[in-house]
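Letter by letter, the chains look like this.
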2 protein chains.
Amino acid sequence: MSITDRRQRQKEEVRTLILDAAWEMVVTEGWPSFSIRKIADAIEYSVPVIYSHFENKDAILLEFNRKGFRLLAERMEKAKSGKEYPAAQIDAMAHAYWDFAFTNYQYYQLMFGLGIPTCETARKIPEMNGFKDAVCASIEALTPAGRKASVDPFLKYQSFWSMLHGLVSINMVGNIVEKQASEHGGLAEMVLNDVIGSFIKGIVS
Amino acid sequence: MSITDRRQRQKEEVRTLILDAAWEMVVTEGWPSFSIRKIADAIEYSVPVIYSHFENKDAILLEFNRKGFRLLAERMEKAKSGKEYPAAQIDAMAHAYWDFAFTNYQYYQLMFGLGIPTCETARKIPEMNGFKDAVCASIEALTPAGRKASVDPFLKYQSFWSMLHGLVSINMVGNIVEKQASEHGGLAEMVLNDVIGSFIKGIVS
DNA sequence: GTAGCTTTGCTAACGGTGTTACAAAATATA
DNA sequence: TATATTTTGTAACACCGTTAGCAAAGCTAC
């Protein structure tokens, strides 16, 4: 009984070993050097043990994808939690989204890259709902009673997300040094505020 | 004199042969099967002749990237050309942008994917200016005389682009059949109209 | 026309990738 | 201890981008 138990435990240890080593590599060397063979080398196991934990390379990517969305949802909740007024919540979430994208840009790249490997797997991520729920709640709270009929929260949520993602990804094209330079007080933040401002205005009036 | 001339001509023929074969492959089989070896096979030349026309794989991608931006700029100009009022021009460009993204989504994927290979090369694309100029012109025309001081056209241009790109790329995650279904009259178009509406409102008032 | 030079193209290799069939080693069960 | 089972490693397959070296073809000059 305890033998299969220990084996289970050991197996999961190797699993996290794989994920940790993979993430370490992605952070230090970027996505191009994400490779099964390098992971195997790093954890000092042979290649096939990785295939006994994950069906293929994409399965590992999916894991990080889900983790990324979980993280994003957490940040949204945290950003909201301090604020009382819905408009302030939305503003805080927008800035938190921006921060998330640039401080965890390896995640962001994976989550939203139109890159080839992740497109088909995107539908397999239930964690996306956490983000959606957090944003929708604030949008509904912001909508004045008189405008409930003409404001579709889900539609506004998509607008919100689109604006943010567009802003982020356009600012990500270019190298990293520039991005960090534009992170605080630069043109990008002015655009962010501009966009959020007109978004909120579009709901309340 | 005419000998080197003919050679020049033949060399360029092979060059376009390469680009045509490559594009054919990307369209029919997607970016994952974009490979130097397959191109060589398709044009019935050996691999090194491709390297005599392009420094490496990324150079070919850069070529398509520039072509994509040229195409996008053309579409913007064409969309504007029919409309008299700046607001109508912006609306038309937004819809043209949307159409461009989904009818040429192989281009769009290359141009804006946060995918790894194209990020560093993005700065090498002068064709991006055509798009920028088309949009900025309409924004400036739309800005009321009394608001010229408080509306930065370049900032608004970035907002415009961000919103559009965000909308497009969020709708691109998922498979292609869904996208085409949502192309006309669906939720996505409502979001598009919503977003453009509040963008225009944010400039004129 | 032939000798030499230049251009052109191909073969074959190097080092890398994801993936898997199969054998060996380690472990658990009898 | 011998057998059965599970775990792990070796080595292969089929790709990939890239390049060195060599053979063939074309052009130039005598």
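Residues numbered from 1 in each chain as written. Chains lettered and ligands numbered in written order. Predicted model: local features only at pLDDT ≥ 70, side-chain atom pairs only at ≥ 80, totals over all residues. Heavy atoms only, no water.

Comments concerning the nonpolar core
The condition that has to hold: Among buried residues, those of type Ala, Val, Leu, Ile, Met, Phe, Trp, Tyr and Cys that are joined through side-chain atoms within 4.5 Å constitute a nonpolar core. The rule is simple: take the accessible area with a 1.4 Å probe, protein chains only, and divide by the maximum for that residue type; under 20% is buried, over 50% is exposed, in between is partly exposed. Note on contacts: a residue pair is in contact if any heavy atoms of the two residues lie within 4.5 Å.
If you look at the biggest cluster of nonpolar residues, it comprises 131 residues, and the most contacted ones within it are A:Tyr97, B:Phe64 and B:Tyr97. With near-sequence residues (within four places) excluded, B:Phe64 lies in contact with B:Leu19, B:Ala22, B:Trp23, B:Trp31, B:Phe34, B:Tyr107 and B:Leu110.

Section: the protein's contact with DNA strand C
Counted only if it meets this: Throughout, the term near means that a residue has one or more heavy atoms lying within 4 Å of the molecule or strand in question. For the purposes of these results, a polar contact is taken to be a pair of N or O atoms within 3.5 Å, where, inside protein, one atom must be able to donate a hydrogen and its partner to accept one; residues adjacent in sequence count only when each atom of the pair is a side-chain atom. Secondary structure elements are defined from DSSP: runs of H or I of at least 4 residues count as helices, runs of E of at least 2 residues count as strands, and each element is numbered from the N terminus. As a working rule, the residues Ala, Val, Leu, Ile, Met, Phe, Trp, Tyr, Cys and Pro are called nonpolar, Asp, Glu, Lys and Arg charged, and the rest polar, with Gly in that last group.
Around DNA strand C sit 19 residues, and of these A:Arg6, A:Ile36, A:Arg37, A:Tyr51 and B:Ser46 come closest. Atoms of DNA strand C within 4 Å of the protein belong to the sugar or the phosphate in 57% of instances, the rest to bases. Side-chain polar atom of A:Arg37 to a base nitrogen of DNA strand C: 2.4 Å apart, as the coordinates give it. Mapped by element, the contributors of at least two residues to the surface near DNA strand C are helix 1 (2–29), helix 2 (36–42) and helix 3 (47–51) of chain A together with helix 3 (47–51) of chain B. Class assignment for the residues of the surface near DNA strand C results in 9 nonpolar, 3 polar and 7 charged.

What about the packing of aromatic side chains?
Put simply, the rule is: Side-chain rings of Phe, Tyr and Trp (the six-membered ring for Trp) are treated as a pair once their centres are within 6.5 Å; stacked means planes under 30 degrees apart, edge-to-face means over 60, and tilted covers the remaining angles.
A full pass over the atoms with the stated rule returns 24 aromatic pairs over all chains. Judged by centre distance (6.2 Å) and plane angle (70°), the ring pair of A:Trp23 and A:Trp31 falls under edge-to-face. Overall, the relative accessible area of 9% leaves A:Trp31 in the buried class. Centroid distance B:Tyr97 to B:Phe131: 5.8 Å. Interplanar angle 40°. Geometry classified as tilted. Here B:Phe131 lies in helix 7 (residues 128–142) and B:Tyr97 lies in helix 5 (residues 86–103), a separation of 34 residues in the sequence. The pair formed by B:Tyr97 and B:Phe131 is uniform in burial state, with each residue classed as buried. Counting every residue linked through ring pairs, the aromatic cluster contains A:Tyr97, A:Tyr108, A:Phe131, A:Phe154, A:Tyr157 and A:Trp161.

A few points about the pattern of salt bridges
Where charged atoms from two side chains of opposite charge approach closely, those side chains can pair. Applied cut-off: Here a salt bridge means any side-chain nitrogen of Lys or Arg lying within 4 Å of a carboxyl oxygen belonging to Asp or Glu.
Applying the stated rule across the entire model yields 8 salt bridges over all chains. Where B:Glu63 meets B:Arg15, a salt bridge forms, and the shortest distance between an N and an O atom there is 3.1 Å. With B:Glu63 in helix 4 (residues 57–81) and B:Arg15 in helix 1 (residues 2–29), the pair connects residues that are 48 residues apart, well separated along the chain. Residues B:Arg66 and B:Glu127 are paired through a salt bridge, measuring 3.1 Å at the closest nitrogen-oxygen approach. Of this pair, B:Arg66 sits in helix 4 while B:Glu127 is found in the loop between helix 6 (105–112) and helix 7, placing the two residues 61 residues apart along the sequence. Counted as one network, the salt bridges with shared partners bring together A:Arg66, A:Arg70 and A:Glu127.

Quick look at helix 6 of chain B
Within helix 6 of chain B, 8 of the 8 residues are buried, which leaves it mostly tucked inside the rest of the structure. Those residues of helix 6 of chain B lying buried are B:Tyr105, B:Gln106, B:Tyr107, B:Tyr108, B:Gln109, B:Leu110, B:Met111 and B:Phe112.

With respect to the domain arrangement of chain A
Residues and elements named next belong to chain A. The condition is simple: A domain assignment, automatic or from a database, supplies the domain bounds used here. Buried area adds together the accessible area that both of two parts lose upon being put together, with accessible area traced by a 1.4 Å probe.
Segmentation of chain A into domains returns domain 1 (1–54) and domain 2 (65–204). Contact residues are listed per partner, giving 5 residues for domain 1 and 4 residues for domain 2. Summed over both partners, the interface of domain 1 with domain 2 buries about 410 Å², with 66% contributed by carbon and sulfur atoms. It is Trp23, Val27 and Trp31 that lose the most area in domain 1 upon contact with domain 2, and together they represent 89% of the buried surface on that side.

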